[in-house]
Amino acid sequence: MPDGAASRLERGASVRLDKVLFSYGEAPLVFDVDFAATKITAIMGPSGSGKSTLLNLVAGFETPRSGRVLIGGADVSVQPPSARPVSMVFQENNLFAHLPVEQNVGLGRSPSLRLTEADRTDIAEALLRTGLAGKEKRLPRELSGGERQRVALARVLVRDRPVLLLDEPFASLGPALRDDMLDLVAGVHAERGMTVLFVTHQPQDARRIGQNVVFLDNGAVAATGKADDFFTGAGPDAFRRYIGSGVGDAVSRDIARKRT
């Protein structure tokens, strides 16, 4: 991407959930955790541990009963999602079926699609960066699953937000295509330096691009640390039990092989 475009982009912002309490009417979820600015953090844990809820609290789709959500040091706890410096990619990618690729991406810049020439240039650059050049006029139904997720990522690029939230967006993709998409996220992160929080059940995905890990269990943060520590035996026992010793050993061997 040209230097001028890169200079316009915000760098990553820190994210903090400060004693955040939330409940769906069952056992309460309590989150007290920091996410370092500009880092990729994998959020892992058993089903029902609160991973998606944590992302929704950061994005503003859920409101804490108590506590604060801070982004870049600013309290955004009562701000609507549209006012927060956050982009989010869901598993279902949230594309509008009646709009072609370029307009689905353009929504990231203008919800009314009143686009300037500069906007259109940025959209074209985002489509090129995500491998979608030449598919601007296609409708979502004319794309593969991986291509639809690329459209969602291209929309993230034109939004220029310092925080990116990924809620298992590649879970339905095959292993090879999922690796391609993870590598694309890592490449975008290297260019933009945004803060990335991504939910995954796959240890291999977390290890592929994660720099840090936040492990949730029973509706609370059970452990945090560097991904290398989690996947080379220094992670907490609850995490080792969660991924299974066989999986952990396989991931560790993969790490060692890549380093030689």
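Residues numbered from 1 in each chain as written. Predicted model: local features only at pLDDT ≥ 70, side-chain atom pairs only at ≥ 80, totals over all residues. Heavy atoms only, no water.

Here we look at the overall build of the chain
Counting its regular elements, the chain contains 10 helices and 10 strands. Rg of the C-alpha trace for the chain: 18 Å, near the compact-globule value of 18 Å for 260 residues, within the 12% margin. Dimensions of the chain along its principal axes, counting C-alpha atoms only, are 55 × 45 × 35 Å. Counting the 260 residues in the chain, one finds 49% classified as buried. Restricting to contacts in the chain with at least 6 residues of sequence separation, those with at least 24 account for 68%. Total accessible area on the chain is roughly 11900 Å²; 49% of this is exposed by carbon and sulfur atoms. Separation of charge centres in the chain, based on 33 positive and 31 negative side chains, amounts to 1 Å. (Helix = DSSP H or I, 4+ residues; strand = E, 2+ residues; numbered from the N terminus. Rg over C-alpha atoms; globule rule 2.2 N^0.38 Å. Buried < 20%, exposed > 50% of the residue type's maximum accessible area, 1.4 Å probe, protein only. Contact = heavy atoms within 4.5 Å. Areas by Shrake-Rupley, 256 points an atom, 1.4 Å probe, with all protein chains shown as cover. Lys, Arg positive; Asp, Glu negative; His and termini not counted. Charge placed at Lys NZ, Arg CZ, Asp CG, Glu CD.)

Focus on the pattern of salt bridges
Counted by the stated rule, this structure contains 16 salt bridges. Measuring nitrogen to oxygen at the nearest pair gives 2.9 Å for the salt bridge that ties Asp-119 to Arg-109. Remark: Arg-109 occurs in the loop between α3 (101-106) and α4 (117-129) and Asp-119 occurs in helix α4; sequence separation between them is 10 residues. Judged by its relative accessible area of 24%, Arg-109 falls in the partly exposed class. Among the charged side chains, a network of salt bridges with common partners joins Arg-16, Asp-18, Lys-19, Asp-32, Asp-34 and Arg-68. (Salt bridge = Lys/Arg side-chain N within 4 Å of Asp/Glu carboxyl O.)

Things to note about the nonpolar core
Of all hydrophobic cores here, the largest spans 42 residues; its most connected members are Val-105 and Phe-231. A per-element tally of this core places helix α5 (residues 145-159) first, with seven residues. Among the nonpolar cores identified, the runner-up in size contains 27 residues, and Phe-35, Ile-71, Val-76 and Leu-197 belong to it. (Core = buried A, V, L, I, M, F, W, Y, C linked by side-chain atoms within 4.5 Å.)

Details of the environment of Leu-184
Summarising the element assignment, Leu-184 is placed in helix α6 (residues 175-192). For the pair Leu-184 and Phe-170, spaced 14 residues apart in sequence, the C-alpha to C-alpha distance is 12 Å. Among all residues touching Leu-184, those that are not within four sequence positions of it are Arg-129, Thr-130, Arg-150 and Leu-153.

Side note on the confidence of the model for the chain
In this model, the chain carries an average pLDDT of 86, and 90% of its residues clear a pLDDT of 70 or more. A low-confidence stretch, residues 1-9 stays under pLDDT 50, and its non-local contacts, those more than four residues away or across chains, total seven contacts. (pLDDT = per-residue confidence, 0-100.)

Some details on the packing of aromatic side chains
Under the definition given, this model contains six aromatic pairs. Geometrically, the ring pair formed by Phe-22 and Tyr-24 is edge-to-face, given 4.7 Å between the ring centres and 85° between the ring planes. Measuring from centroid to centroid gives 5.5 Å for Phe-215 and Tyr-242, while their planes differ by 45°, and the two rings are tilted. Of the two residues, Phe-215 sits in strand β9 (residues 212-217) while Tyr-242 sits in helix α9 (residues 237-243), which places them 27 residues apart along the sequence. The exposure class assigned to Tyr-242 is partly exposed, which follows from its relative accessible area of 24%. (Phe/Tyr/Trp six-rings, centres within 6.5 Å; stacked < 30°, edge-to-face > 60°.)

Side note on α4
Look at α4: 18 Å from first C-alpha to last across 13 residues, which is about the 18 Å you get at 1.5 Å a residue. Downstream of α4 by one or two residues, Gly-131 has phi in the positive range, about 75°. (Expected span 1.5 Å × (residues − 1).)

Description of the environment of Leu-127
With respect to the helices and strands, Leu-127 occurs in helix α4. Measuring from C-alpha to C-alpha, the distance between Leu-127 and Gly-219 comes to 38 Å, with 92 residues separating the pair along the chain. For Leu-127, the contacting residues outside a window of four places in its chain are Val-101, Glu-102, Val-105, Leu-132, Ala-133, Glu-136 and Ala-154.

Details of unusual backbone geometry
Non-glycine residue Asp-160 carries a positive phi angle of around 55°. Inspection of the secondary structure assignment puts Asp-160 in the loop between α5 and β7 (163-167). The backbone phi angle of Glu-168 is positive, close to 45°, even though this residue is not glycine. Here Glu-168 shows up in the loop between β7 and α6.

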